[in-house]
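# Observations on the three-dimensional arrangement
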Amino acid sequence: MVFAAGNQGVWVALIDPTDDDPVVWYDGGPERLRERERLSGFLLQFALNEAVNTSPFTGFATVTMEALDRFVVDLVPVPLQPMRVPGDPTRHWVAPGLVAMAADYGESGIWLSVGSRQRSALRPRSPRVGTVQRLSHQHLQVRDRLLSSREAATPSLLVDLFGDRVGGVAV
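So, here's what we can say about the structure. Just so it is clear, the model here is predicted, and its values are computed rather than measured.

Residue proline 86 is bonded to the preceding valine 85 through a cis peptide linkage, with omega at 10°. Structurally, proline 86 can be placed in the loop between strand S6 (76-77) and strand S7 (90-95). That bond from aspartate 88 to proline 89 is cis: its omega, 5°, falls within 30 degrees of zero. Along the chain, proline 89 turns up in the loop between S6 and S7.

Looking now at the side chain of asparagine 49. Among the structural elements, asparagine 49 can be located in helix H1 (residues 39-54). What asparagine 49 contacts, discounting residues up to four positions off in sequence, is Met83, Val85, Pro86, Thr90, His92 and Met101.

Applying the stated criterion across every chain, the model contains 5 aromatic pairs. Centre to centre, the rings of phenylalanine 3 and phenylalanine 42 are 5.5 Å apart; their planes meet at 75°, and the pair counts as edge-to-face. Of this pair, phenylalanine 3 sits in strand S1 (residues 2-5) while phenylalanine 42 sits in helix H1, placing them 39 residues apart in sequence. Judged by its relative accessible area of 28%, phenylalanine 3 is partly exposed.

Thresholds applied
Residues numbered from 1 in each chain as written. Predicted model: local features only at pLDDT ≥ 70, side-chain atom pairs only at ≥ 80, totals over all residues. Heavy atoms only, no water. Helix = DSSP H or I, 4+ residues; strand = E, 2+ residues; numbered from the N terminus. Contact = heavy atoms within 4.5 Å. Phe/Tyr/Trp six-rings, centres within 6.5 Å; stacked < 30°, edge-to-face > 60°. Buried < 20%, exposed > 50% of the residue type's maximum accessible area, 1.4 Å probe, protein only.

So this is what it looks like as C-alpha cells:
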C-alpha cells in the first residue's frame, strides 16, 4: 500500500498494512529500496524532515563532512538509522527549538538543512572551549529522553522541542 510520496513525484513509500510495524519500501528508482527503519522510526524521521523544511526560520548549505561534524558537535543525534531520502544517508540532530538534517548526495556534497520556530536558534552558537560546549539543562533533558528509548521519540517529544506546532503543522 502506498502511504507517502515525494513532492516531486520521484518516489513513493510502500508498506504492508497487515503488519503492526511494517518495513518501509521506496519505489521510483531502478529497483525498490528498503528503508533502514520500520514504519515507527520512519514516521519520526519524516516528521523531522517536515519540521526542517517548513519551519518559519531555516538555513541551508552544502558542507564538507568536517564542517558538518563541527556544526553538530553540540546537537543531539536522533538515535535511529539514517534515512535513504532525500539523500542516502540522511541523518537528523535536535536541540531545544532546533532540528537539523544532513543528506549526503555523494559527489554533489552534503546538504545541511536547519529549521527552527525562533530566529535566535539559528544564530551562531557560543564559542567552544576545545570541542566541548556547555549544554543547557533543557538540552540535556531532551538528549536523555531521546537516547533512553525509542518510545520517547513521540509527538509529545516533538511538542517539547518545537511547541505545539511542528513545521507549521499542529501536533
